[in-house]
Amino acid sequence: MSLMRLAYASEATFEAKPVEKGVEPHVARILMTSRKNNARGKLVGGLYYGNNRFFQYLEGDEDEVRKTYDRILQDDRHRNVVTLIEEPVADRTFSNWSMKYVPLSRDVQRFLESQGLQKFEPASFTSAQCEQMIELIRNSSHDQKLVNHDEARTVRETPQAFSPGLKAGLIVAGLCLLGALFFAGSML
């Protein structure tokens, strides 16, 4: 099995709608479909959408990457698709992401400013800018939720199954149940 990586830029054909839950609705649908398809094909990578433009990075088995890219080329939500990187890769670098999404963030804004770019136009990225964008996506602290938070966040090493409020509620409910059982037992 030979691995490859591919990055492309494209323009969205849809008119952006008001953001719901942090993600433009068309992009949210693309993400959900991509995550399902990429998991099936064991592809990993990341996506950035801004200024009505996409930057996407894929890595995985060469046949799967090419099949996915062929689907993207046929997808009527994309136009002016430009291949930015297409080459073999020795190992995966996005091992845990079927499709990581980086919402508009300060990191991307800083990247654009550092490059002297007024707006996000990935089709004109140099090879070095593509590599920096891939690294930015790879290192983004945003998780896979479809949320666009721009404030600083605390990143946990392991995902938590319950929120602190839910944990407190479960503890209180457990104590009440124990109290009720104790009370009922003392009545016998």
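Criteria and thresholds
Residues numbered from 1 in each chain as written. Predicted model: local features only at pLDDT ≥ 70, side-chain atom pairs only at ≥ 80, totals over all residues. Heavy atoms only, no water. Axes fitted to C-alpha atoms, helices over the stretch in contact; angles between N-to-C directions. Helix = DSSP H or I, 4+ residues; strand = E, 2+ residues; numbered from the N terminus. Parallel < 35°, antiparallel > 145°, perpendicular 65-115°, else oblique. Left-handed = near helix turned anticlockwise from the far one by under 90°. Contact = heavy atoms within 4.5 Å. Nonpolar A, V, L, I, M, F, W, Y, C, P; charged D, E, K, R; others polar. Buried < 20%, exposed > 50% of the residue type's maximum accessible area, 1.4 Å probe, protein only. Pairing = 2+ DSSP bridges. Patch = residues over 30% accessible without salt bridge, like charges linked within 9 Å, V, L, I, M, F, W, Y side chains within 5 Å. Areas by Shrake-Rupley, 256 points an atom, 1.4 Å probe, with all protein chains shown as cover. Salt bridge = Lys/Arg side-chain N within 4 Å of Asp/Glu carboxyl O.

A. Examining the packing of helix H3 (residues 106-114) against helix H4 (residues 127-139) more closely. At their nearest, the axes of H3 and H4 sit 11 Å apart, and the two run at 165 degrees to each other. Between H3 and H4, the interaxial angle falls into the category roughly antiparallel. Pair H3 / H4 crosses with right-handed handedness. Between H3 and H4, the contacting residues are Asp107, Val108 and Phe111 on the first element and Gln129, Gln132, Met133 and Leu136 on the second. Counted by class, the contact of H3 with H4 contains four nonpolar, two polar and one charged residues.

B. Seen up close, the pairing of strand S3 (residues 53-61). Within S3, eight of the nine residues are buried, leaving the element largely enclosed by the surrounding structure. Where strand S1 (residues 3-12) and S3 come together, nine bridges link them in antiparallel fashion. From the neighbouring strand, Glu11 faces S3, where its bridge partner is Arg53. When strand S2 (residues 44-50) meets S3, the two strands line up antiparallel, connected through seven bridges. Its bridge partner lying in S3, Tyr48 is registered against Phe55. The antiparallel hairpin formed by S2 and S3 contains two residues in its connecting segment, where Asn51 sits at a positive phi of about 55 degrees.

C. A nonpolar patch on the surface, seen in detail. On the surface, Ile171, Leu175, Leu177, Leu178 and Leu181 cluster together into a nonpolar patch covering about 540 Å² of accessible area. Within the element layout of this structure, Leu178 appears in helix H5 (residues 164-187). Looking at Leu178, the relative accessible area reads 55%, which means it is exposed.

D. Focus on the pattern of salt bridges. Within the structure shown, the criterion is met by ten salt bridges. Residue Arg79 pairs with Glu11 through a salt bridge whose shortest N-O separation is 3.4 Å. In this pair, Arg79 is assigned in strand S4 (residues 78-88) and Glu11 in strand S1, connecting sequence segments 68 residues apart. On the basis of relative accessibility, which here comes to 39%, the residue Arg79 falls in the partly exposed class. According to the relative accessible area criterion, Glu11 is partly exposed, its value standing at 22%. Put simply, Lys67 and Glu64 hold a salt bridge, and the shortest N to O gap is 3.2 Å. Here Glu64 and Lys67 lie together in helix H2 (residues 62-74), a separation of three residues that amounts to about one turn. By sharing partners, the salt bridges in this structure join Arg5, Glu87 and Glu131 into a single network.

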